There are 2 protein chains.
Amino acid sequence: MAHITMLNLTVTPNVSVVRRAKLLPSRVNDSMPIPDFSKNDGLLPAIAQDAATGEVLMLAYMNAESFAETQRSGRAVYYSRSRQKLWRKGDDSGHTQHVKAIYVDCDADTILLKVEQVGAACHEGYRSCFFRQVQGSDVVVTAERLVEPGDVYGK
Amino acid sequence: MAHITMLNLTVTPNVSVVRRAKLLPSRVNDSMPIPDFSKNDGLLPAIAQDAATGEVLMLAYMNAESFAETQRSGRAVYYSRSRQKLWRKGDDSGHTQHVKAIYVDCDADTILLKVEQVGAACHEGYRSCFFRQVQGSDVVVTAERLVEPGDVYGK
């Protein structure tokens, strides 16, 4: 339900999304726009992977506007579902992502970014957001913190 | 909208999801179940990554039931949003995924599986679903097909 409500309140009017979509790579065939922002209410999951090491750093969401800006700027820009606005990764923390390559999946509804990560991708101060492993009925932290979140975002 | 409709029609009654959720690793602190299937209408994105090479193979979705079965069986089981039922990866193709490790992200609403992939992860016959790169306004196929889809799924 939150998903739907959020999109009604998006900072990007539908008309703008449609206009920007025309700037995107249009079609690999006649039937499917790439990426296809007509799916998932216009919000597609985007995986950020370290271009050098292959480590999966995080997953966030993109709308057509954030995708277009990512392409233009070469810097990862997502759409924050909680804040309901564009999220230029690193604006608060300095932990930006420089985009080296962009891939789309077979259904054109998931994006994969290969990035050069500055600092910690995770707001908890870890290099990757996937710093916890599920082992049976336990959850174990398997990575070391790079930075204290309080030092990055303020206390 | 499809997202909501699908969940109303899920093959797993709510009562079963709740019961199975008790089998899951419960909490890393007192406030957050891990993974947190109370988010995203009970359907969390799950990234499958090749445990040996680090290649990102695909993204699919899991509900509490598919996550619990994945843990029990050691084989990746997703929830198919289009078919609205559990999707035991490889049942049709033989291209199963043996799960080597399971991670959750900082918000406990994305899952990362490190898997041993049998054959092609992608129904298009590619090792990874991310076989297309977006280059400016072009979309370029950057991988080779391992198998012809017709040979795997029938013509």
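Everything below is about the structure shown above.
Residues numbered from 1 in each chain as written. Chains lettered and ligands numbered in written order. Predicted model: local features only at pLDDT ≥ 70, side-chain atom pairs only at ≥ 80, totals over all residues. Heavy atoms only, no water.

## Considerations on the environment of A:I47
Now for step 1: Take A:I47: it is sitting in strand 1 (residues 44-50).
Now for step 2: Residue A:I47 is classed as buried on the basis of its relative accessible area, which comes to 0%.
Now for step 3: Along the primary structure A:I47 and A:L59 are separated by twelve residues, whereas in three dimensions their C-alpha atoms are 4.5 Å apart.
Now for step 4: The residues touching A:I47, leaving out its near neighbours within four places in the chain, are A:V56, A:M58, A:L59, A:T110, A:I111, A:L112, A:L113, B:I47, B:V56, B:L59 and B:F130. (Helix = DSSP H or I, 4+ residues; strand = E, 2+ residues; numbered from the N terminus. Buried < 20%, exposed > 50% of the residue type's maximum accessible area, 1.4 Å probe, protein only. Contact = heavy atoms within 4.5 Å.)

## Describing unusual backbone geometry
Now for step 1: A cis geometry characterises the amide bond from A:I34 onward to A:P35, with omega recorded as -15 degrees.
Now for step 2: Position of A:P35 relative to the elements: it lies in the loop between helix 2 (14-21) and strand 1.
Now for step 3: Not every positive phi belongs to a glycine, and A:A108 is a case in point at roughly 60 degrees.
Now for step 4: The class of A:A108 is buried, set by a relative accessible area of 0%.
Now for step 5: With phi around 55 degrees, B:D41 is a residue other than glycine that occupies positive phi space.
Now for step 6: Within the fold, B:D41 resides in the loop between helix 2 (14-21) and strand 1 (44-50).

## Examining the side chain of B:T110
Now for step 1: In this fold, B:T110 is placed in the loop between strand 5 (97-104) and strand 6 (111-117).
Now for step 2: Overall, B:T110 belongs to the buried group, its relative accessible area being 2%.
Now for step 3: Each residue touching B:T110, except ones within four places of it in the same chain, is listed here: A:L59, A:F130, B:P45, B:I47, B:Y103, B:V104 and B:D105.

## Considerations on the interface of chain A and chain B
Now for step 1: Tallying the contact residues gives 45 residues for chain A and 45 residues for chain B.
Now for step 2: Together, the buried faces of chain A and chain B total about 3,700 Å²; carbon and sulfur atoms form 62% of this surface.
Now for step 3: Considering only the side of chain A, the residues that lose the most area to chain B are A:C106, A:F130 and A:R132, jointly responsible for 19% of the buried surface there.
Now for step 4: Applying the counting rule to chain A against chain B returns two salt bridges.
Now for step 5: Where A:R81 meets B:D109, a salt bridge forms, and the shortest distance between an N and an O atom there is 3.7 Å.
Now for step 6: The interface formed by chain A and chain B contains 16 residue pairs in polar contact (both at pLDDT 80 or more).
Now for step 7: Those elements that place two or more of their residues in the side of chain A that touches chain B are strand 1, strand 2 (56-62), helix 3 (64-73), strand 5 (97-104), strand 6 (111-117), strand 7 (132-135) and strand 8 (138-141) of chain A.
Now for step 8: Per-element tally for the side of chain A that touches chain B: the top contributor is strand 5 of chain A, with four residues.
Now for step 9: As paired elements, strand 7 of chain A and strand 5 of chain B share three bridges and run antiparallel to each other. By the bridge assignment for strand 5 of chain B, A:V134 is matched with B:I102. (Buried area = accessible area lost by both parts, 1.4 Å probe. Salt bridge = Lys/Arg side-chain N within 4 Å of Asp/Glu carboxyl O. Polar contact = N/O pair within 3.5 Å; in protein donor to acceptor, adjacent residues only side chain to side chain. Pairing = 2+ DSSP bridges.)

## Regarding the pairing of strand 3 (residues 77-80) of chain B
Now for step 1: Residue alternation in strand 3 of chain B divides its side chains into two sets, B:V77 and B:Y79 and B:Y78 and B:S80, and both sets are buried.
Now for step 2: The turn linking strand 3 of chain B back onto strand 4 (residues 85-88) of chain B is made up of four residues, and B:Q84 within it adopts a positive phi angle of 55 degrees.

Functional significance is not addressed by these values, which are geometric in nature.
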